[in-house]
Amino acid sequence: PIKQFYYCFGCGASGDAISFLTNHDRLSFPEAIEELATLAGVDIPYEEGTQASKPSEDHTELYALQQSVSKFYQQALFEHPQAQQAREFLRNRGLNQAALAEFEIGYAPPEWQNLPADLNTDKLKQLGLLIEKDDGHQYHRFRNRIMFPIRDRRGRVVGFGGRVLDQSTPKYLNSPETPIFQKRNEIYGLHQTLQANDRLQQLLVVEGYMDVISLSRHGISYSVATLGTASSREQYELLFRYCKQLVLCFDGDQAGQTAAWRAIKILLQTLRSERQIRIMQLPAGDDPDSLIQERGHDGFSKSIDKALMLSDFFFDYLTKSHDLSTIEGRSALVRIAKPLISEIPDETYAQLMQVRLAELAKISISSNTSTPARSNRYQPRQQFDSRLSLVKTAFNLLLQNPDLIRVVNQQPTDWKMMNDPDIAVLLLLYESIDNNPDSSFLSLMKLLEDHDLFIRMKSLISEILLKENEIETELSDAISGLNKETKQQRINQLASQQTLNTIEKEELQQLLMNK
């Protein structure tokens, strides 16, 4: 964060915040700029007539129309004559005026055509808000439902979820897929969560809109919903961008447990060493909304703290349906669990899961730890010694702190003559910084990427963990050590010669005196 760059010691990828989003998260350049601006709370100025740098005109109109429809629904909740039942429902669920305003909850009137007549008909069709039958009859999708606007992480209304007020089905109805709404890519409540938290320690993943809103009202401002029980890998990867710890909190009924298991099978494919996933098991018949109203903020928070680690839930869920006292039950457990474990990209985590599976199935670890080769598994590019050589130490410290070239210049330049295969790389780096005094890590990488020594240079890059006030001393010591080694190499070279001329004898004598 201080130097504003990243470097992957696995594959050598490097860059700044923009290139990280474009390369890692597959965003276009404009999307990366907009994403960073949103995170920083900065408005982006667009040049007049610059179509390439701003959203397409169609999408701009769609976002604007969604916002207008959202405002209409909010108004209807308080002004439509038949909205009394909706207001009573929300009041009985404990939602006050502040909660209604924060999540912009509204009401879709019961009429077949309830939206204002002046709204663009073609755009309403694009958004799935207006449906036209084969006979030409038109009607609006949402009727007599409590409306929950779905905002993307940038705060734009991209869709709606509507809840019925009676026993009709479906209980919840979402907007269909549209040019601006793909359900697998959106998370309900993420925008509000990002607005409420400068730094997220964990994210609580629940099933429904009302769960998010009720939790927020009780002070749990870090919950989001996956827009129904069918969560997607894209949704979880999006959440991991903002927080490395997820707690899944699905309903305590059978449907909720099934949804949690489906989520686990997806999350196994996303496991990395820095990510932590836990599962909060609710009592049968409870959901997050009912539980927090019963236990309050403190009681609910204690339940979160007791959430199971993913590995524990994984084996608990499977062993409940298999009789491990029989060979058949243990065999079935291995048959189901082994392919799922093989999907885990983190080698160490996968091996530990295999060990646990072997213990439960009462089989030898060696017969169970082999996993199918996966092309996307992390393969170390190069293993470095725990103690870096002086050349590598000096190289990495100078590459990551080019302004410290002054430390190198304060010492003799004997090191330039050292007999070491990597000294040429250090010399190339030194000369590049010397010729470009304002260099940074990124500018040096870009400057040298076409050089013959660049591949060798990338292979030398390694992580050196030092406190800020130790870096200069460590670099000075490394250069001093290189100078001493260079002199010793010259002493050894001269001493090994059978005959020396007068100049060489004087040089050797001087080197020995200095030593």
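Residues numbered from 1 in each chain as written. Predicted model: local features only at pLDDT ≥ 70, side-chain atom pairs only at ≥ 80, totals over all residues. Heavy atoms only, no water.

Concerning the overall build of the protein
Stated precisely, the cut-off is as follows: Comment: elements are numbered from the N terminus, with helices defined as DSSP H or I runs of at least four residues and strands as E runs of at least two. Note on method: radius of gyration uses C-alpha positions; expected globular size equals 2.2 Å times residues raised to 0.38. Burial here depends on accessible area, computed with a 1.4 Å probe over protein chains only, as a share of the maximum for the residue type. Under 20% is buried, over 50% is exposed, and the range in between is partly exposed. Residue contacts follow a heavy-atom distance rule, with two residues in contact if any of their heavy atoms lie within 4.5 Å. In this description, accessible areas are obtained by the Shrake-Rupley approach with a 1.4 Å probe, and a residue is regarded as covered only by the protein chains that are shown. All tallies of charge rest on Lys and Arg as positive and Asp and Glu as negative; His and the ends of each chain are not included. Positions of charges follow a simple convention, taking NZ of Lys, CZ of Arg, CG of Asp or CD of Glu.
In terms of helices and strands, the protein carries 21 helices and 13 strands. Taken over C-alpha atoms, the radius of gyration comes to 31 Å for the protein, far larger than the 24 Å a tight globule of 515 residues would show. Seen along its three principal axes, the alpha-carbon backbone of the protein occupies a region of about 110 × 75 × 45 Å. Taking all 515 residues of the protein together, the buried fraction comes to 45%. Of the contacts formed within the protein by residues at least 6 apart in sequence, a portion of 67% connects residues at least 24 apart. Carbon together with sulfur atoms contributes 49% to the accessible area of the protein, which is approximately 27,100 Å² in total. Across the protein, the mean location of the 56 positive side-chain charges is 5 Å away from that of the 68 negative side-chain charges.

Observations regarding the sheet that holds strand β6 (residues 145-151)
For clarity, the threshold we go by: Here, strands pair whenever DSSP counts at least two bridges between them. Fitting a line to C-alpha atoms yields each axis, with helices limited to the stretch in contact; the angle taken between N-to-C directions then spans 0 to 180 degrees.
The strand order across the open sheet built from four strands is β3-β6-β7-β8, with neighbouring strands paired in antiparallel fashion. Across the chains shown, the open sheet's two edge strands, defined by having one partner strand only, are β3 (106-108) and β8 (172-174). Averaged over all adjacent pairs, the angle separating strand axes in this sheet is 35°, with direction ignored. Each of β6, β7 (157-164) and β8 touches helix α8 (residues 209-217); the most contacted strand, β6, lies at about 80° to it.

Description of the confidence of the model for the protein
As a reminder of what qualifies: What pLDDT expresses is the predictor's confidence in each residue, scored from 0 to 100.
Taken over all residues, the pLDDT of the protein has a mean of 86, while the share at 70 or more is 91%. Within the protein, no element has a lower average pLDDT than helix α2 (residues 29-40), which sits at 79, and none a higher one than β3, at 97.

Topic: the sheet that holds strand β9 (residues 203-206)
Pairing is mixed across the open sheet formed by five strands, whose spatial order is β10-β9-β11-β12-β13. In this open sheet, the two strands that pair with only one neighbour each are β10 (223-225) and β13 (308-309). Two strands pair when backbone bridges link them, and β9 and β10 are joined in this way by three bridges, in the parallel orientation. In the sheet register, Leu204 faces β10, and the bridge partner there is Ser223. Helix-sheet contacts for helix α9 (residues 233-242) involve β9, β10, β11 (245-248) and β12 (276-279), and the interaxial angle to β11 is about 135°.

Points about helix α12 (residues 310-320)
When α12 is considered as a whole, its buried residues turn out to be Leu310, Phe313, Phe314, Phe315 and Leu318. In the core, the buried residues of α12 are packed alongside α10 (254-267), β12, β13, α13 (327-341) and α14 (347-361).

What to know about the packing of aromatic side chains
Selection rule: In this scheme Phe, Tyr and Trp rings, the latter by its six-membered ring, pair at centre separations within 6.5 Å, and the angle between planes marks the pair as stacked below 30 degrees, edge-to-face above 60, and tilted otherwise.
Scanning the model with the defined rule gives 16 aromatic pairs in all. Between Tyr73 and Phe160, the aromatic rings sit 5.4 Å apart at their centres with planes inclined by 90°, giving edge-to-face as the arrangement. Of this pair, Tyr73 sits in helix α3 (residues 57-79) while Phe160 sits in strand β7; the two residues are 87 residues apart in sequence, bridging distant segments of the chain. When its relative accessible area of 0% is taken as the criterion, Phe160 is described as buried.

A look at the side chain of Gln66
Note on placement: Gln66 falls in helix α3. Sequence-distant contacts of Gln66, defined by excluding residues within four places in its chain, comprise Leu127, Leu129, Val157, Val158, Gly159, Phe160 and Ile180.

Thoughts on the environment of Lys487
For Lys487, the position within the fold is in helix α20 (residues 471-496). For Lys487, a relative accessible area of 35% corresponds to the partly exposed category. Between the C-alpha atoms of Lys487 and Leu508, which are 21 residues apart in sequence, the distance is 9.8 Å. Once residues lying within four places of it in the same chain are set aside, the contact partners of Lys487 are Asp414 and Leu511.

What to know about the pairing of β11
Which entries qualify depends on this criterion: Here a crossover is taken to be right-handed if, once the strands point away from the viewer, the path from the first strand over the helix to the second is traced clockwise.
Both β9 and β11 contribute to a ladder of three bridges, which runs parallel. From the neighbouring strand, Leu203 faces β11, where its bridge partner is Leu246. The sheet contact formed by β11 and β12 spans four bridges and is parallel. Across the sheet, residue Val247 finds its bridge partner in β12, namely Arg278. As a crossover connection, the stretch from β11 through α10 into β12 is right-handed.

What to know about unusual backbone geometry
In this model, Thr169 is joined to Pro170 through a cis peptide bond whose omega is -5°. Relative to the helices and strands, Pro170 resides in the loop between β7 and β8. Phi is positive for Lys362, which is not a glycine, with a value near 60°. Within the fold, Lys362 resides in the loop between α14 and α15 (390-400).

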